[in-house]
Amino acid sequence: MARMRKKLGALVIGAAALSLTLTACGGGGGGDEGGGGAEGGAIDTSNASGDVSYWLWDANQLPAYQACADKFKQANPNINVKITQYAWANYWDKLTNGFVAGDAPDVFTDHLAKYPEFVTQEQLVPLDDTLTKDGFNVNQYQEGLADLWKGQDGKRYGLPKDFDTVAIFYNKKLIADAGVKEADLQKLQWNPQDGGTYEKMIAHLTVDESGKRGDEPGFDKSKVKVYGLGLDGGSGAGLGQTQWSMYTGSNNWQFTDKNPWGTHYNYDQPAFQDTIKWFASLIDKGYVPSVAATTGQGESDIYAAGKYALATNGSWSIGSFFGAKGIETGVAPLPAGPSGKRASMYNGLADSIWVGSKNKPAAAKWVEFLGSPDCQNIVGEKAVVFPAIPEATDKAEAAFKAKGVDVSAFLINVKEKTTFLFPITDHASEINGIMQPAMDDVLSGKAPVTSLTDANNQVNQLFG
Amino acid sequence: MSVVDTIEPIDRKDFVPGVRGSDRPPGRGDLGMALLFILPALIGFLVFYVYPFFRGFYFSLTRYNLLGTPRYIGFDNFTKLFQDKLFWNALLVTVEYVLINIVLQTILAVAIAVLMHRLTQSTVIRGLILLPFLISNVIAALVWFWLLDYQIGLVNEFISAIGLNRIAFFGDATWAIPTIAVVNVWRHMGYTALLVFAGLQTIPGYIYEAASVDGSTEWKSFWRITLPLLRPILALVLVITVTGSFQVFDTVAVTTKGGPGNASRVMQYYIYQKGFAEGQFGYASAISVILFIILATVALIQLRLLRAGESDLA
Amino acid sequence: MAITTSAPSRTADVTARPGAEGRKINAGRAAAWAAMIILILITLFPFYWMLRTAFSTSRSLFSDPNSLLPVDFTLGAFKRVLGLATTAEAQAEGGSGAAVNFWLFLRNSIVYATLSTAGQVFFSALAAYAFARLRWPGRDKVFFIFLTALMIPPIFTMLPNFILIKNLGLLNTFPGLILPYFFMTPFAIFFLRQFFLGINKEIEEAAKLDGAGHWLIFFRIILPMSWAPIITLFILTFINQWNEYFWPLLVGSKDQVRVLNVALGVFQSQTPQGSPDWAGLMAAVLVAALPILILFFAFARKIVNSIGFSGVK
């Protein structure tokens, strides 16, 4: 009997060992096949051919990029670009698992919040030498965008494809009902002490169930029917891109000591905390829905139900806001703050090449095409995003206008240089893990604004 | 003496070897045969479960971000997690969830199964009860996320219409976990009921017949016949549902994402956050090992208490 | 004594229609029916909601968020799901315009779910028999070890299995999709073992006296007698496999093996804070659930008219 048990034991160990060897060989991404590029050597794109796999997440942009791929095929009949789309919820999981198992795409749409980690993990191909060799013009993009994609080592890891900014969407009927003219929304101002003309406007636009407005006596903040200003899905964690970054940014405050690649966050500064305190007061007064109330359907959906008069959101939501049936929407620029100007967060996407790609020459050629006017003009004309090349941005503006959407309130930030960069640092996910609950609690009134100093310390400790 | 009283659970000391079927094998028993029978399952088990588990256990002793090489750090991850208040929060929140979910789900499932068994033979009704199980966790969560929305959800519109204050089902810290628990009960109660129902089918009808001849009511028969004879199936149901309940993830990922604050940051979600989002795969593995130990212990206790290795029907 | 599997007998009749004799309408019965109806309503209402949303236009949904009727009635969502809508039509209604090769993905789902379920149920039945009816040293301990596979965290198994399948060169193939589920799941073994435990031992003893070996007993006695739990397990496993999402997403992205569930991810939200194409998503879910419903109703009668377990007349 003991012998039987031993045999069983041997069987177990044997099977385990077998599978160990099977997974040991080849597990783990990386590897330098396909013609250079990993250590910065230029990729030779002159005889590129074969298949290139390309991933993106926004299905709304799929037709535009398919059109790009078709045009690319005409110029490069030997290269076959296969585009696959995965919903945002799955995109990064698929990518990370692909990196680990060695099954990632050749080229993929990259995001500023994620790419620092990919650079640290050495999953991206630096493009500099290849671009120089091919005589590619890296200065053809909107100002500041290309530099966002330079790593801490100074190397370039992506070519900008589009950018987005933030503005105020408004419900034309609710505005008119309140006796407000659209022109009144163009030059609002806010400050942390009394909120300025901005807060007055929001208060006036808030209506409770008995019809009283937020600036009238007898207003019941527990029974609000229409909020003057919406809240985009929660507290915004440490970024507040569409929630509060436009206020902190116009209050002479910066996220980090320098950007990109700062190593010290400033959530403890008075300029920041006073702004958040003021913003939380708007929720408290009933002009803005609470974090609990907005845990649910997205801002554009609640807006479509007629519950928000104003809503700060990004240019990627233009389709959702303008598509809401039965609601006429307009866009106004952000309010100016104590700094004297408005401030919109400026974010952008780029395309990166995976270091384990088996066809780097074709991948590089495709990336160069994506970053060139030929493709970006096509994308612009489809009116889904703002491409990074100014000429293409203009085309997008015109295409939007043709659809009845005036996007000037978004683009004014670029024209008047009232943008600030999305903060790019290491440890982005862990910072989010710290700031999300901290911000939730402050905006819900469960913790005082000063608790953000504590959170700030935790964040800065990550940088050693 | 009524039939009800004669059906008693088989006591270990009462077994007579060789006739009633015993667990004491003479010599090696059927070992050779058994090996053949379990061979395919064993292969699957070793390759797809055991090996990954040991690999994962190894990772729990390392610092590893999935894309680099793992660096051995001994039990540091474990000491770290015992001091991590978010770990204890995750444990607490998960236990709260499991209690609400399991109590509600088991009671409802048994009730439904008995109702289906004794009230009606309609397959349509059986199908209807099973319906929620046909859609995935993610979709069920999405639909309820909308129905229970604070501002535009149907449930809150109704609550508001009858004059009460709206409830932030997913946004309020005290409501978040119970809401998620109830959504999952909705999804799983039909499935659990079907398992119990399959067990009810195994109880021969003549027992009930004899009992009612003896004057036993439905209620009494339920407690003295049905429940005891359902023991093996109830053991199955409880182990499966408790284990599954501890591993709740999809609903949280779709709705609250751990919030508000940390009120719904259940263990599996915390593990996922640490391992995939924050790149601390070694630490996430350590937490997974702890979760595994908890689950195995709970299951062992359940199986022992319910004497799941025996059946009174055989 | 001849070995017979029991035919539906008087006992089964009683099981089949309890209370048929002496059906009284009493308070207890009425209360039970009331409870049943309430439960059914709560179970079904979200499905009504899904149906109503599936026939609405996505773009218009929130203009009347609480209407119990479809908002802007349209068949567009179903057209999108079945791959019949053009990009322009889709985008006009609020969908995304991505193409869905519906019938191909449906076929893939059927192949994947059927094969993995068939293998799983069969091999698990074999193992369950060994754990329930055979006698060998360490049997219960080994069973418990198999059971602990239930508790292994998914993050442990996903990645190594993915890497293994890749190294075997089985990515984007059906064998690669099916393999981890083909041989067993702890649930299947546990489930069948509990049922096998309850089978009356006297029939087996009789068969052994007649000289039957274990294989014969298994195939000729145990399996037929366990028809109801096996069908139940088959259905439940099939549903689970049908709804599998993450594993087929990892391993089977190419069109020829992409399953329906993964393909319908195109209706989920495309951007971080965006909403899904609700009408399309609801239509997709309903359409994807249809095959399972058909399967269930096809087999439901078998589960209902179960053969009595006593087996001995």
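What counts as what
- Residues numbered from 1 in each chain as written.
- Chains lettered and ligands numbered in written order.
- Predicted model: local features only at pLDDT ≥ 70, side-chain atom pairs only at ≥ 80, totals over all residues.
- pLDDT = per-residue confidence, 0-100.
- Contact = placed C-beta atoms within 7 Å.
- Domains from an automatic or database assignment.
- Helix = DSSP H or I, 4+ residues; strand = E, 2+ residues; numbered from the N terminus.
- Nonpolar A, V, L, I, M, F, W, Y, C, P; charged D, E, K, R; others polar.
- Core = buried A, V, L, I, M, F, W, Y, C linked by C-beta atoms within 7 Å.
- Buried ≥ 20, exposed ≤ 12 C-beta atoms within 10 Å, placed from the backbone.
- Pairing = 2+ DSSP bridges.

Caption draft 1: Fine view of the confidence of the model for chain A. Confidence in the prediction of chain A, expressed as mean pLDDT, is 88, and 91% of residues score 70 or more. In the model, residues 1-39 of chain A has pLDDT below 50 throughout and makes 58 contacts with residues more than four positions away in sequence or in other chains.

Caption draft 2: Summary view of the domain arrangement of chain A. Residue and element names in this part refer to chain A. Each assigned domain of chain A is listed here: domain 1 (50-163 + 348-413) and domain 2 (166-346 + 421-461). The distance between the C-alpha centroids of domain 1 and domain 2 comes to 30 Å. On the domain 2 side, the residues contacting the 20 residues of domain 1 number 19 residues. Broken down by secondary-structure element, the contributors of at least two residues to the side of domain 1 that touches domain 2 are helix H4 (115-120) and helix H16 (408-415). Among the elements that make up the side of domain 1 that touches domain 2, the one with the highest residue count is H16 (four residues).

Caption draft 3: Structural view of the confidence of the model for chain C. All names here are of chain C. When pLDDT is averaged along chain C, the result is 82, and 86% of the positions lie at 70 or above. For the stretch residues 1-22, pLDDT sits under 50, and the model shows 37 contacts to residues farther than four places along the chain or on other chains. Note on residues 305-313: pLDDT is under 50 here. Beyond four places in sequence and across chains, it has 35 contacts. As scored by the predictor, the complex reaches a pTM of 0.87 and an ipTM of 0.85.

Caption draft 4: Inspection of the interface of chain B and chain C at higher detail. Taken together, the 81 residues of chain B in the interface contact 86 residues of chain C. Considering each element in turn, the side of chain B that touches chain C owes the most residues, 17 residues, to helix H2 (residues 31-59) of chain B. Grouping the constituent residues of the side of chain B that touches chain C by class yields 55 nonpolar, 17 polar and nine charged.

Caption draft 5: Structural detail: the interface of chain A and chain C. Between chain A and chain C, the contact holds 39 residues from the first and 33 residues from the second. Listed by contribution, the elements that provide at least two residues to the side of chain A that touches chain C are helix H1 (2-24), helix H2 (62-75), strand E2 (79-85), helix H3 (88-101), helix H11 (299-304) and helix H12 (318-323) of chain A. The biggest single contributor to the side of chain A that touches chain C is H3 of chain A, with seven residues. Residue composition of the side of chain A that touches chain C, by class: 16 nonpolar, 17 polar and six charged.

Caption draft 6: Local environment of the nonpolar core. If you look at the biggest cluster of nonpolar residues, it comprises 340 residues, and the most contacted ones within it are Trp366 of chain A, Val196 and Ile287 of chain B together with Ala127 and Tyr129 of chain C. Per element, the largest residue contribution to this core is 16 residues, and it comes from helix H8 (residues 173-201) of chain B. Mapping this core onto the domain boundaries places at least three of its residues in each of domain 1 (50-163 + 348-413) and domain 2 (166-346 + 421-461) of chain A. Excluding its chain neighbours within four sequence positions, the residues that come into contact with tryptophan 366 of chain A are Val52, Tyr54, Phe72, Val81 and Val107 of chain A.

Caption draft 7: Up close: the pairing of strand E7 (residues 224-229) of chain A. All names here are of chain A. Across the six residues that make up E7, a large majority, five, are buried. The pairing of E7 with strand E8 (residues 308-314) spans two bridges and is parallel. Paired with leucine 229 across the bridge in E8 is leucine 310.

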